[in-house]
Amino acid sequence: MRQKIVAGNWKMNLDLAEGKELLLSIIDGQINEGTTAIVIPPFIHLNSFKQMLSHTKIALGAQNCHQQDSGAFTGEVSAAMLKSVGVEYVVLGHSERREYFMEDSLSLSFKVTKVIEKGLRPIYCCGETLAQRQEGEHFEIIRAQVKNGLFHLNEMELLNCVVAYEPVWAIGTGETASPAQAQEIHAFIRKTIATEYGDMVAENISILYGGSVKPNNAEELFNCPDIDGGLVGGAALDANSFIAICNSF
Ligand code: PEP
C-alpha cells in the first residue's frame with residue numbers, strides 16, 4: 001500500500017543546539033496517524049536525534065551516503081554507518097547533489113543499491129531544470145533519471161524506494177509547480193514504472209512532490225491522485241509549518 005510521507009530536508013542548516021530546539025518543537029506537535037514524518041538533518045546531528053526520537057513515530061533520514069562499505073574515502077559516510085545510528089531513509093540524487101557534486105543517475109544507481117543492501121530506504125530524487133522544461137524535454141529527462149537510477153532493482157527492491165519529483169525551478173524559489181503540472185509528472189513516473197515493472201509495483205510506490213511546498217499549498221498538492229506527500233526544504237525549518245504540512249492529507 002502507498003505510504004503518505006512528508007520528509008523534511010534540513011540541508012546544511014542549524015547547529016546542534018538549534019537543531020535540537022527545532023526537533024523538540026516537532027516532537028511536541030501533533031502529527032496525524034497515517035502520515036510518515038521523516039526528519040532529515042545534517043549527518044552530524046543524526047546520532048543524538050535518534051535518541052531524541054526513540055519514543056516517537058518520527059523517522060530519521062540522511063541527505064546522502066557513499067556507495068562503498070568503508071575505506072579511503074575522506075569526508076564520506078557509508079550506508080552501514082547510517083544504519084548503525086538508526087537512520088531509515090537516505091535522500092539520493094537531490095538536484096543540489098546533481099548540480100554541485102556532479103552526481104548523475106548512473107553513479108546514483110550504485111548508492112541506491114548500497115542503501116537497499118543495508119536495509120535502508122532511498123528517497124530517490126528526479127526533476128527537470130527550467131531550461132529543460134522550456135525545451136519540452138522534461139518527460140525524457142525524468143524518464144532517464146528514473147530508469148538509470150532505479151531500474152536495475154528487482155520488484156521488491158523498487159518497492160522499498162520512495163521517488164521524489166522535484167522540478168529544479170521550484171526548489172527554494174517560492175515557485176511551486178501547479179497541482180496539475182505536478183500531477184501530470186507523477187502520473188508519468190508511475191506509468192514509466194508500470195511499463196517496466198507492472199501495475200502492482202507502480203500502484204504501491206510512494207511518489208513525493210518537492211519544490212516550495214508550504215502549509216498553504218500542501219493540501220491541494222497532496223489531494224492529487226498520484227502525489228503521496230512531500231519532500232520539503234525551507235518549510236521544514238519551522239516546526240509549525242512542517243507539522244501543518246504533515247497534516248495536510
Ligand atoms: C528541497 O530541498 O528538496 C526542497 C524542495 O526545498 P524547498 O521546499 O525549499 O523548495
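Parameters and conventions
- Residues numbered from 1 in each chain as written.
- Predicted model: local features only at pLDDT ≥ 70, side-chain atom pairs only at ≥ 80, totals over all residues.
- Heavy atoms only, no water.
- Salt bridge = Lys/Arg side-chain N within 4 Å of Asp/Glu carboxyl O.
- Helix = DSSP H or I, 4+ residues; strand = E, 2+ residues; numbered from the N terminus.
- Buried < 20%, exposed > 50% of the residue type's maximum accessible area, 1.4 Å probe, protein only.
- Near = heavy atom within 4 Å.
- Polar contact = N/O pair within 3.5 Å; in protein donor to acceptor, adjacent residues only side chain to side chain.
- Areas by Shrake-Rupley, 256 points an atom, 1.4 Å probe, with all protein chains shown as cover.
- Nonpolar A, V, L, I, M, F, W, Y, C, P; charged D, E, K, R; others polar.
- Core = buried A, V, L, I, M, F, W, Y, C linked by side-chain atoms within 4.5 Å.
- Contact = heavy atoms within 4.5 Å.
- Pairing = 2+ DSSP bridges.
- Expected span 1.5 Å × (residues − 1).

Undergrad: For the pattern of salt bridges, give the residues involved together with the corresponding values.
TA: Once their charged atoms are close, side chains differing in charge can pair, the charge on each being opposite to the other. Tallied over the full model, the rule gives 16 salt bridges. Between K114 and D69 there is a salt bridge, with its nearest N and O atoms 3.1 Å apart. A residue pair is termed long-range when its members are at least 10 positions apart, and K114 in helix α5 (residues 105–117) and D69 in the loop between β3 (59–62) and α3 (79–84) qualify at 45 residues. Owing to a relative accessible area of 10%, K114 belongs among the buried residues under this scheme.

Undergrad: Can you tell me about the site of the ligand, naming the residues and giving the values?
TA: With respect to spatial proximity, 14 residues lie near the ligand, and among them K11, E166, G172, S212 and G234 are the closest. Between the ligand and G172 there is a distance of 2.6 Å, counted from an oxygen atom to a backbone nitrogen or oxygen. When the free accessible area of the ligand is taken as 290 Å², the share hidden by the protein chains comes to 97%. Counted by class, the shell around the ligand contains 4 nonpolar, 8 polar and 2 charged residues.

Undergrad: Give a description of the nonpolar core that names residues and reports values.
TA: L82, L150, L158, I189, I193 and Y209 are the most contacted members of the largest nonpolar core, which totals 64 residues. Of all the elements, helix α9 (residues 179–197) adds the most residues to this core, at 7 residues. If we skip the residues at most four places from it in the chain, I189 touches C126, I142, V146, V163, Y165 and I207. Within the second largest apolar cluster, 13 residues are counted, among which are I40, V91, C125 and V162.

Undergrad: Can you explain the environment of C246? Please cite residues and give values.
TA: On the secondary structure map, C246 appears in helix α12 (residues 239–246). Given the relative accessible area of 0%, C246 is considered buried. Taking the C-alpha atoms as reference, C246 lies 27 Å from T129; in sequence the two are 117 residues apart. Those residues within four positions of C246 in sequence are excluded, and the remaining contacts are V6, I31, T35 and A37.

Undergrad: Can you lay out the pairing of strand β7 (residues 206–209) for me, pointing to particular residues and giving the numbers?
TA: Across the two faces of β7 the burial is the same, with S206 and L208 and I207 and Y209 all buried. The pairing of strand β6 (residues 162–165) with β7 spans 4 bridges and is classified as parallel. Across the sheet, residue V162 finds its bridge partner in β7, namely S206.

Undergrad: Provide a residue-level description of α9, including the pertinent values.
TA: Here α9 contains 19 residues, and its C-alpha end-to-end distance of 26 Å stays within 8% of the 27 Å for a straight helix at 1.5 Å per residue. For α9, the complete set of buried residues consists of A182, Q183, I185, H186, F188, I189, R190, T192, I193, A194 and Y197. One or two residues past the end of α9 sits G198, with phi positive at roughly 95°.

Undergrad: Account for α5, naming residues and giving values.
TA: Look at α5: 18 Å from first C-alpha to last across 13 residues, which is about the 18 Å you get at 1.5 Å a residue. Within the span of α5, buried status applies to S105, L108, S109, K111, V112, K114, V115 and I116. Looking at the packing, one finds that the buried side of α5 touches α3, β4 (89–92), α4 (95–100), β5 (121–126), α7 (138–150) and α8 (155–159). Of the residues flanking the end of α5, it is G119, one or two places downstream, whose phi is positive at about 85°.

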